[in-house]
Number of protein chains: 2
Amino acid sequence: MNFTIIPKKNGLENVDGFFFDGKCAGFKKDEPDVGFIYSDNPCRVSAVFTTNKFMASPIKHFKRYGQNFETNFILLNSKNANAMTGEKGVEDIDEILSYIDLPLKNPIMSSTGVIGYRLDIDRFKKVIKEFDFSSKNSDAVARAIMTTDSFKKELALEVTLSDGKKFNIASIAKGAGMINPAMATMLCFVLTDSDIPKEDMDELLKEAVDESFNKISVDGDTSTNDTVMLLTSAKNPYQKEAFKEALNFILFELSQMILRDGEGANKVVAFEVKGAKSVEEAKRASKALSNSLLVKTALFGEDPNWGRIASTIGASGVECDEDTLEIYYDELLIYGKDKRELDSDTEEKAYNIMRQDSFKITCNLNIGKGSYTSYGCDLSYEYVKINAEYRT
Amino acid sequence: MNFTIIPKKNGLENVDGFFFDGKCAGFKKDEPDVGFIYSDNPCRVSAVFTTNKFMASPIKHFKRYGQNFETNFILLNSKNANAMTGEKGVEDIDEILSYIDLPLKNPIMSSTGVIGYRLDIDRFKKVIKEFDFSSKNSDAVARAIMTTDSFKKELALEVTLSDGKKFNIASIAKGAGMINPAMATMLCFVLTDSDIPKEDMDELLKEAVDESFNKISVDGDTSTNDTVMLLTSAKNPYQKEAFKEALNFILFELSQMILRDGEGANKVVAFEVKGAKSVEEAKRASKALSNSLLVKTALFGEDPNWGRIASTIGASGVECDEDTLEIYYDELLIYGKDKRELDSDTEEKAYNIMRQDSFKITCNLNIGKGSYTSYGCDLSYEYVKINAEYRT
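Residues numbered from 1 in each chain as written. Chains lettered and ligands numbered in written order. Predicted model: local features only at pLDDT ≥ 70, side-chain atom pairs only at ≥ 80, totals over all residues.

**Q** I would appreciate a short explanation of the domain arrangement of chain A in the present structure.
**A** Note on interface size: it is often stated as the accessible area lost on association of the parts. Domain boundaries assigned for chain A yield domain 1 (3-260) and domain 2 (268-388). Each of domain 1 of chain A and domain 2 of chain A has a C-alpha centre, and these two points are 33 Å apart. (Domains from an automatic or database assignment.)

Right, here's the structure in full:
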């Protein structure tokens, strides 16, 4: 490897050319709820959005700019998704952005929160006046996009190339509920100062999202607002392999943080399916496991009940056979053709594995060569409580 | 209508030609856990089974008899599904059935409970000796198949034809968890004395299952053991329209009872999707609603949060448009193009509708003519508790 990557503190503050902050507009109590990201020069931008047919207004607004454009400003908010608000929802964004006293180029907005309410323009107008567009406060902007998140998600890496030159890449994200195979209710903004060409941005961002956010599931629901965005100030050098590794690392780590913070979740579990007829079948079975309510409650109960794992595989519709299937918890064989009933020794060992904060369940179908790993969490009382009371 | 249908008490006891009972073999504490259904003459039988690839041993055993056979005996048990038990699981059934001292013809077994354990043959051998094969105890056999069910499910109808002749049809069922579009973890036995031909049995049973069990969802999981079976002693007359109506009524009512008894469920909700591009799209959207964790927790919280309904429709992948969509709670319009934000009057009315034991959510996509209704329930703390602690 002809480059080195080291983690840095203070998130976005490591990246050259960007300014950002978060303030309280009164949507939350004494916590930042509106934030911005500003760059002195227009930036190349690449984005991956929700697959939900009801795209929120900020996404419709973004798409009006077409495929190739540069931007120097993103306004962010939580508590209101500006989704299902019709044409008025898009007009509200234009109006709010018009109050920003900066030379804006193709400004963007990104929102998360409750669906079905218009934005409160007066509050935005007021908070915008309080912004100092030369500040660099990664903590405040990261907190401004949090909804049911219990902790802030930010990560920064410094990449040193073989010639000693450096570039930086950093990200903030929010997640928690409605996280699902199709990258649901999450926002993630990645800033870099590496001079990455637009076509590499598009290619590498899509790949990195497939290997991270698209592999996690909290509850199988997909939101109207999901956004992963990459912007570059292009002030420092670029090297594809190094950038790819850093971006993949950041998005994977953020996706795991989101999963660990899944509403009411106590543990993160990797569901590896291998020996499937094809990668598609492995993926289908793996995602069925990470989305199954019965599997998720068994994880919460720390019950080594492999029957629910097997039943979910069988119900997923993939080719499988109870005489070739093997199920492992970490390295422990818990089900196989010649080891069907749980003996007390295996049960004790399995229970100790399940008590960990994270572990791996491997299902080897022993039929073909397809494999896929997705990541899920348990379902607790707390999830039900958070989501029964979300709006109140 | 040239026939009348009236409900009767005492379940299976109304049907001529069958004997049944349930006893405690010690799998449960002082409650029936093994039961039988016996007929003095061999019966035509029709069955619909799980779509889970890992079919339980009793289903493999049944299928050995081929498509057309007659039987005079079914042995039933709860607490052990005899699933994922391999060839031995099928051999165990043959051994257990060999201890029954009757002239058996193609005897059947049907099991529900935990996956992955062999049946305890000695306990079956012992309880079989206690059976009186001339008893008619519908209550005991209905209770013998209960697992997490909180109440017994049985229903009987007497059908009088225009010439004054009668036939009877009655059923017992068990359900509760793992109830899902693909008719999961439920057992249902329908007995009749109507002389229905085999081909009508197959046709009408399949239709009735599609209109009942295949439309309900407790948690979206599909089990290894699902079985709906229809047997006839053929002692009384048959008339197709009358039989069809009675069978549809029985299976629909039992499916609603199972849903109402969904683990920890407090309310039953009908999810009607209409105006879809096709029936298939209406079905996909309707089932997405009845399976969504976020919708289910909003129902539990009695929160008129139509945003989750809309978001789930959008995520289901069906053709839809936020400007044509309308959402109703019972008859109350809660979302439409010109009525997006919830006003306090509508919210109050919606809340009062949601507080009911059952209500209907209608989503009119206003695009085409496809419609479909599925039925779901809320997700409560109790569901998590029951399923975290199921085996213990």
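**Q** For this particular structure, what's the right way to read the sheet that holds strand E14 (residues 358-364) of chain B?
**A** In any sheet, the strands associate via hydrogen bonds between backbone groups, in a parallel or an antiparallel arrangement. Residue and element names in this part refer to chain B. Taken in spatial order, the six strands line up as E9-E15-E11-E14-E12-E13 in an open sheet, and their pairing is mixed. Sheet topology places strand E9 (216-217) and strand E13 (332-335) at the edges, where each strand pairs with a single neighbour. Bridging between E9 and strand E15 (residues 370-377) involves two bridges; their strand directions are parallel. Bridging from a neighbouring strand, Ser217 pairs with Gly376 of E15. On top of the sheet, helix H7 (residues 279-291) reaches E9, strand E11 (268-276), E14 and E15; it is set at about 15° to E15, its chief contact. (Pairing = 2+ DSSP bridges. Helix = DSSP H or I, 4+ residues; strand = E, 2+ residues; numbered from the N terminus. Contact = placed C-beta atoms within 7 Å. Axes fitted to C-alpha atoms, helices over the stretch in contact; angles between N-to-C directions.)

**Q** In this structure, what is going on with the environment of B:Ser39? I would like to understand it.
**A** Residues and elements named next belong to chain B. Within the secondary structure, Ser39 is located in strand E3 (residues 34-49). Looking at Ser39, the number of C-beta atoms within 10 Å reads 25, which means it is buried. Along the chain, Ser39 and Ser134 lie 95 residues apart, while their C-alpha atoms are 9.4 Å from each other. Other than its neighbours up to four places away in sequence, Ser39 contacts Gly17, Phe18, Asn72 and Ser233. (Buried ≥ 20, exposed ≤ 12 C-beta atoms within 10 Å, placed from the backbone.)

**Q** Just checking my understanding: could you explain the packing of helix H7 (residues 279-291) of chain A against helix H9 (residues 306-315) of chain A for this structure?
**A** All names here are of chain A. Direction vectors running N to C along H7 and H9 enclose 130°, while the axes themselves pass 9 Å from each other. By the angle class used here, H7 and H9 are oblique. For the crossing formed where H7 meets H9, the hand is right-handed. For the pair formed by H7 and H9, the contact residues are Ala285, Ala288 and Leu289 on the first element and Ile309, Thr312, Ile313 and Ala315 on the second. Its residues assigned to classes, the contact of H7 with H9 comprises six nonpolar, one polar and no charged. (Parallel < 35°, antiparallel > 145°, perpendicular 65-115°, else oblique. Left-handed = near helix turned anticlockwise from the far one by under 90°. Nonpolar A, V, L, I, M, F, W, Y, C, P; charged D, E, K, R; others polar.)

**Q** I tried to follow the pairing of strand E2 (residues 18-23) of chain A on my own but got confused; where do I start?
**A** Moving residue by residue along a regular strand, the side chains alternate between the two faces of the sheet. Among the six residues of E2(A), six are classified as buried, and the element is accordingly described as predominantly covered. On E2(A), burial covers both faces: A:Phe18, A:Phe20 and A:Gly22 on one face and A:Phe19, A:Asp21 and A:Lys23 on the other are all buried.

**Q** I would appreciate a short explanation of helix H5 (residues 198-210) of chain A in the present structure.
**A** Residues and elements named next belong to chain A. The first and last C-alpha atoms of H5 sit 19 Å apart over 13 residues, in line with the 18 Å expected at 1.5 Å per residue. Listing the buried residues of H5 in full gives Met201, Leu204, Leu205, Ala208 and Val209. For H5, the angular spread of the buried residues around the axis is 130°, confining them to a single face. Buried residues along H5 sit in contact with strand E3 (34-49), strand E10 (227-236) and helix H6 (240-260). (Expected span 1.5 Å × (residues − 1). Arc of directions from axis to C-beta.)

**Q** In this structure, what is going on with the sheet that holds strand E13 (residues 332-335) of chain A? I would like to understand it.
**A** All names here are of chain A. Taken together, the six strands give an open sheet; going across it, the order is E9-E15-E11-E14-E12-E13, and neighbouring strands pair in mixed fashion. Only two strands of the sheet have a single partner each, and these edge strands are strand E9 (216-217) and E13. Sheet topology note: the strand E12 (residues 326-329)/E13 ladder contains three bridges and is antiparallel. Across the sheet, the residue bridging to Tyr329 is Leu332, located in E13.

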